[in-house]
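One letter stands for each residue in the lines below.
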Amino acid sequence: MENNQDLNQLNQLNQLNKKKHYAWFVFILSCCFVIFKYVLEISPSVMVKDLMLEFNLDGLHMGNLAACYFYAYFLMQIPVGLLVDRFSTRKIMFCAILLCSLGSFIFASSRVFYMAAIGRLIIGIGGAFSMVGTMKLITLWFDRKKFALIFGLMLAATMIGAIFCQARLSALVDK
């Protein structure tokens with residue numbers, strides 16, 4: 001009888017450890033999405049000259065092209081919260097990453113200003129899910145008492161990633 005209890009406790013501990021490892025895996029993946037979002041957010045800032053030449057833009061239109069991301073990101077915040085609370089975070093985050101990827105493809109392959117702006121809008125819609133979705137995942141996978149610590153880790157990791165990626169993106173644009 002005691003052996004069965006010990007075995008059950010050992011199995012429960014193993015399941016808990018697997019869940020903790022998986023929680024960190026989920027956390028790291030969601031941080032990668034936030035980094036991806038930041039890179040897409042700031043990408044026009046390292047391509048200003050090239051974008052202005054490619055689309056024959058003045059400063060006003062260049063600012064609007066870059067801001068298309070923020071228009072969509074801003075408008076989506078409340079719907080994002082409602083969707084993340086209602087539906088599977090995994091499916092929502094997957095769809096959001098696909099939207100960011102689709103918007104990036106449209107932006108990168110566009111030859112006219114309006115297509116580039118549509119690409120930036122789609123990126124903004126998808127990117128709006130990154131932070132809210134990650135916060136939701138933190139609440140689902142980690143102890144409530146550690147929310148602030150885990151969220152702080154996410155912010156630090158994503159800022160370091162965004163800084164590193166901006167430098168790499170800038171070097172790529174120069175080539």
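Further up the page is the structure itself.
Notes on the structure in this doc start here. Remember, predicted model here, so these are calculated numbers, not experimental data.

According to the stated counting rule, one finds one cavity of 30 Å³ or more in the structure shown. Estimates place the volume of the largest cavity at around 30 Å³. Around the largest cavity, the lining residues are Ala 23, Val 26, Phe 27, Ser 30, Thr 134, Leu 137, Ile 138, Trp 141 and Phe 142. Contributions of two or more residues to the lining of the largest cavity are made by α1 (2-42) and α5 (113-141). Residue classes in the lining of the largest cavity are distributed as seven nonpolar, two polar and no charged.

A side chain of one charge can pair with a side chain of the opposite charge if their charged atoms are brought near each other. Tallied over the entire structure, the rule returns three salt bridges. A salt bridge links Lys 37 to Glu 41, with the nearest nitrogen and oxygen atoms 3.3 Å apart. Taken as a pair, Lys 37 and Glu 41 lie in helix α1 at a separation of four residues, close to a single helical turn. With respect to burial, Lys 37 and Glu 41 carry one shared label: buried. The closest approach of N and O atoms between Asp 85 and Lys 136, which form a salt bridge, is 3.6 Å. Pair noted here: Asp 85 is in helix α3 (residues 59-86) and Lys 136 is in helix α5, with a separation of 51 residues, a long-range link. Residue Asp 85 is classed as exposed on the basis of its relative accessible area of 59%.

Conventions adopted
Residues numbered from 1 in each chain as written. Predicted model: local features only at pLDDT ≥ 70, side-chain atom pairs only at ≥ 80, totals over all residues. Heavy atoms only, no water. 1 Å grid on protein atoms, 1.4 Å probe; cavity = no way out; pocket = protein on both sides within 12 Å on 5 of 7 lines; lining within 4 Å. Points joined across faces, edges and corners; volume = space filled by probe spheres on them. Helix = DSSP H or I, 4+ residues; strand = E, 2+ residues; numbered from the N terminus. Nonpolar A, V, L, I, M, F, W, Y, C, P; charged D, E, K, R; others polar. Salt bridge = Lys/Arg side-chain N within 4 Å of Asp/Glu carboxyl O. Buried < 20%, exposed > 50% of the residue type's maximum accessible area, 1.4 Å probe, protein only.

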